[in-house]
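Residue-level structural notes
Below, each chain spelled out in residue letters.
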Amino acid sequence: MGLLSEGSPLNWEETKKLSDHVRKHGVIQFINLYKRLRDRQGDVLKWGDEVEYMLIKFDDDSKTAKLSLRAMEILKILNEKENEDPKNVKSLWRPEYGAYMIEGTPGKPYGGLLAHFNVVEANMRYRRQEATKLLQPNEVLMSLTVFPRVGAPEFTDPPAYPAFNTGASKSLFFPDEAIYPGHPRFKTLTRNIRERRGEKVAINIPIYRDKSVPLLFKEDLIDKGDDGSSSKASKDNHIYMDAMGFGMGCCCLQLTFQACNIQEARTLYDQLTPLCPIMLALTAASPFYRGYISDVDCRWSVISSSVDCRTQEERGLKPLKENKFRISKSRYDSIDSYLSKQGERYNDVPVTYDDEIYKQLLDNDIDHLLAQHIAHLFIRDSVSLFSEKVHQDDLKDTDHFENIQSTNWQTMRFKPPPPNSSIGWRVEFRPCEVQITDFENAAIVCFTVLLTRVILSYKLNLLIPISKVDQNMVKAQKRDAVKVEKFWFRRDITSDIKSDDAQSEYTEFTINEIINGKDGIFPGLVPLVNSYLANMDVDADTHCTIQRYIKLIQKRASGELLTTAAWLRKEVTSHPEYK
Ligand code: ADP
Ligand code: MG
Ligand code: MG
Ligand code: MG
Ligand code: MG
């Protein structure tokens, strides 16, 4: 979930006092890094996936499934191989927000060869087996985006109870014991985000309507210990949640790509942006929250609200007095501006940024688009700071920059090379929900990697205005979005023709049309991938692997196969004991 600095965490009061310090040095660190690395050339395509998992404990006698809070114990063992021989491991394991979560990546990134697609799924399977070996009887490792009963009574093993007066989140539902205990970052973030906001986070997700739900769905929260604030924050006919864990305790699938230089990284960042909502809808896997069925299929708005540290002033509920900016989005949300020259004309949403930082970046020979991006990230305060890290050497360290960068959890992340490493400029693709099987996850990963190859080799242009990408993000999360929604997409992605009015450049398509094509009107992403492959020298094995993955993507897009969310819904609502 980002930077894992070691040390003693500062509380919110202390962190707040140091906000300007972190920002000031973070920007200087970025400027120094940029000067060193702007002209770095010749890096090759490398890429890797991140899969997050949950530990689930089944009890066959009582017929229950609970989140097992043993991630730390298991991680300790999983990390042994890496600690002994970091260069020669097949997998790397990291903690995540939940005390029941682990994150696995391949031991080394993959390279540009198409044949690497043959090992992606095998490596995912290896990781699953490696972690599964360490489990107790009746514990199972699952790559579920959301645990259906997270926040329902006694959803953990061992059972834990929310400390709504004293806990880090003050949640009525999500106990601190379910937060990863092995690193102070997670609890500190939880507490600081709540304190910065000035109240608990509030997440309201519409309830799914069927005959089992009363006409007015309203819970008695006072009964659960509410001091009145939750009752006020919760909405009728919604599933109400009040803790960071409801969002950050979800699992996802992420991908990182290395570009050959900074320009290519900026192009990839932009071109992948319109695909974020499309891939979110295709990978939809989270219909349940707190033991209820919701009316959405994706975790995105839940996780976005779960770390929304904006004050009432910043959210526009009060005139600005203490704070500097009105801010339209949570620090976890879709991106607000494109970074490449080509993208500039599609930046149609006013970007909130810090003027002084922006000017400082321009004065240091950083162009408008990149300066705007960084100055926008830096409207946020640090929400997790360690006393040992306060004073740094801005010529060498990048911790303050990473502090702000890694707590801007956006659909895309523009990652500069780390100091003193062989790693180049990278972009991270972050919207996807994780799927239940390795096959599905490998399919999504390989398809997305292929799309980046096609985009770069054919110089495709997928750009549409940022405001339209934002609208697509909302549509993507709706129930059955793949089947019923239409998404803004560029009409002609194979030529870079700009019209006088940007409006005629895009129109609405179904996901099926975007993926599989629309006769004579839109070529479709899969046919473009196939035409790219036809021009490559692909061996029979690799061809077969790729085609199995592409078939899955095609069938999900056409509705012939259900999305994970739709399948989960069906399993539950058709169950004889569903109520
Ligand atoms: P974060 O949590 O910040 O996203 P992780 O270290 O968890 O970062 O994941 C990074 C991903 O990037 C992994 O999939 C890894 O295999 C991949 N990766 C590592 N080095 C490179 C590189 N040079 N280029 C592209 N991807 C890389
Ligand atoms: Mg993660
Ligand atoms: Mg990671
Ligand atoms: Mg991370
Ligand atoms: Mg990541």
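Okay, so let's go over this structure. (Residues numbered from 1 in each chain as written. Chains lettered and ligands numbered in written order. Predicted model: local features only at pLDDT ≥ 70, side-chain atom pairs only at ≥ 80, totals over all residues. Heavy atoms only, no water.)

**Topic: the pattern of salt bridges**
Opposite charge on two side chains allows them to pair when their charged atoms are near. In total, this model carries 39 salt bridges according to the counting rule given. We note a salt bridge from Glu-314 to Arg-196, for which the minimum N-O separation is 2.7 Å. Residue Glu-314 is located in the loop between helix H10 (300-306) and strand E12 (332-333), and its partner Arg-196 is located in helix H5 (residues 184-197); the two are separated by 118 residues in the primary sequence. The exposure class of Arg-196 is buried, given its relative accessible area of 9%. The salt bridge partner of Glu-505 is Arg-490, with a shortest N-O separation of 2.9 Å. Highlighted residues: Glu-505 in the loop between strand E16 (487-490) and strand E17 (506-509) and Arg-490 in strand E16, separated in sequence by 15 residues. (Salt bridge = Lys/Arg side-chain N within 4 Å of Asp/Glu carboxyl O. Helix = DSSP H or I, 4+ residues; strand = E, 2+ residues; numbered from the N terminus. Buried < 20%, exposed > 50% of the residue type's maximum accessible area, 1.4 Å probe, protein only.)

**A word on the packing of aromatic side chains**
One pass over the structure, following the stated rule, counts 23 aromatic pairs. Note on Phe-173 and Tyr-240: the rings are 6.2 Å apart at their centroids and 70 degrees apart in plane angle, and the pair reads as edge-to-face. Residue Phe-173 is found in the loop between strand E6 (156-157) and H5, and its partner Tyr-240 is found in strand E8 (residues 238-241); the two are separated by 67 residues along the sequence. Here Phe-173 and Tyr-240 have matching classes, each one buried. With a centroid separation of 4.7 Å and an interplanar angle of 40 degrees, the aromatic rings of Tyr-353 and Tyr-358 are classed as tilted. Under the relative-accessibility criterion, Tyr-358 is labelled buried at 13%. Three or more aromatic residues joined by ring pairs form one cluster here, namely Phe-155, Phe-173, Phe-174, Tyr-240 and Phe-246. One residue, Lys-90, lies across the ring of Tyr-126, its end atom 4.2 Å from the ring centre. The ring of Phe-173 has Arg-290 sitting right over it, with the charged end atom 4.0 Å from the ring centre. (Phe/Tyr/Trp six-rings, centres within 6.5 Å; stacked < 30°, edge-to-face > 60°. Lys NZ or Arg CZ within 6 Å of the ring centre and 35° of its normal.)

**Some remarks on the coordination of the magnesium ion (ligand 3)**
Under perfect tetrahedral coordination by four donors, a metal shows angles of 109.5 degrees; under perfect octahedral coordination by six donors, it shows angles of 90 or 180 degrees. Here the magnesium ion (ligand 3) is held by Glu-50 (OE) and Glu-103 (OE), and the distances to it run 2.1 to 2.2 Å. In this structure, the magnesium ion (ligand 3) lies 4.1 Å from the magnesium ion (ligand 2), and both are coordinated by Glu-103. Taken together, the residues span a long stretch of sequence, with Glu-50 in strand E1 (residues 46-59) and Glu-103 in strand E4 (residues 101-106) at a distance of 53 residues. The burial state of Glu-50 is the same as that of Glu-103; both residues are buried. (Donors = N, O, S within 2.8 Å, 3.2 Å for Na, K, Ca; no water.)

**Digging into the site of ligand 1**
Taken together, 14 residues sit near ligand 1, with Gly-48, Asp-49, Glu-50, Gln-258 and Glu-428 positioned nearest. Glu-50 is positioned such that a nitrogen or oxygen atom in its side chain is 2.8 Å from an oxygen atom of ligand 1. One nitrogen or oxygen atom from the side chain of Glu-103 is found 3.0 Å from an oxygen atom belonging to ligand 1. Compared with its free state, where it exposes 580 Å², ligand 1 has 79% of that area covered by protein. (Near = heavy atom within 4 Å. Polar contact = N/O pair within 3.5 Å; in protein donor to acceptor, adjacent residues only side chain to side chain. Areas by Shrake-Rupley, 256 points an atom, 1.4 Å probe, with all protein chains shown as cover.)

**Considering the packing of helix H2 (residues 19-37) against helix H11 (residues 355-363)**
Contact geometry of H2 with H11 gives a least axis separation of 11 Å together with a crossing angle of 25 degrees. Here H2 is positioned roughly parallel relative to H11, judged by the angle of their axes. Of the two elements, H2 crosses H11, and the hand of that crossing is right-handed. Counting all contacts with H2, which are made through Arg-23, Val-27, Ile-28, Phe-30 and Ile-31, the residues of H11 involved are Ile-357, Gln-360 and Leu-361. Class assignment for the residues of the contact of H2 with H11 results in six nonpolar, one polar and one charged. (Axes fitted to C-alpha atoms, helices over the stretch in contact; angles between N-to-C directions. Parallel < 35°, antiparallel > 145°, perpendicular 65-115°, else oblique. Left-handed = near helix turned anticlockwise from the far one by under 90°. Contact = heavy atoms within 4.5 Å. Nonpolar A, V, L, I, M, F, W, Y, C, P; charged D, E, K, R; others polar.)

**Quick word on the environment of Asn-138**
Secondary-structure assignment places Asn-138 in the loop between helix H4 (117-132) and strand E5 (139-142). By relative accessible area, Asn-138 is classed as partly exposed at 39%. Those residues within four positions of Asn-138 in sequence are excluded, and the remaining contacts are Ile-56, Lys-57, Phe-58 and Asp-60.

**A few points about helix H8 (residues 262-272)**
Among the 11 residues in H8, eight count as buried, and that is most of the element. Residues Ile-262, Ala-265, Arg-266, Leu-268, Tyr-269, Asp-270, Gln-271 and Leu-272 constitute the buried set of H8. Between the side-chain oxygen of the N-cap and the backbone nitrogen of Gln-263 there are 3.2 Å, and the N-cap of H8 in question is Asn-261.

**As for the pairing of strand E2 (residues 64-68)**
Judged from the four bridges that link them, E1 and E2 form a sheet pairing that is antiparallel. Opposite Ile-56, over in E2, you have Leu-67 as the bridge partner. Between E1 and E2, which pair antiparallel one after the other, the connecting turn spans four residues, and Lys-63 there sits at a positive phi close to 55 degrees. In this sheet, E6 lies alongside E2 in parallel orientation, the contact comprising two bridges. The residue of E6 that forms the bridge with Leu-67 is Thr-156. (Pairing = 2+ DSSP bridges.)

**Considerations on the side chain of Thr-564**
Along the chain, Thr-564 falls in helix H20 (residues 564-573). Of the residues examined, Thr-564 reaches a relative accessible area of 4% and is grouped as buried. Residue contacts for Thr-564: discarding those within four places in its chain leaves Ala-284, Ala-285, Gln-435, Ile-436, Glu-440 and Arg-556.

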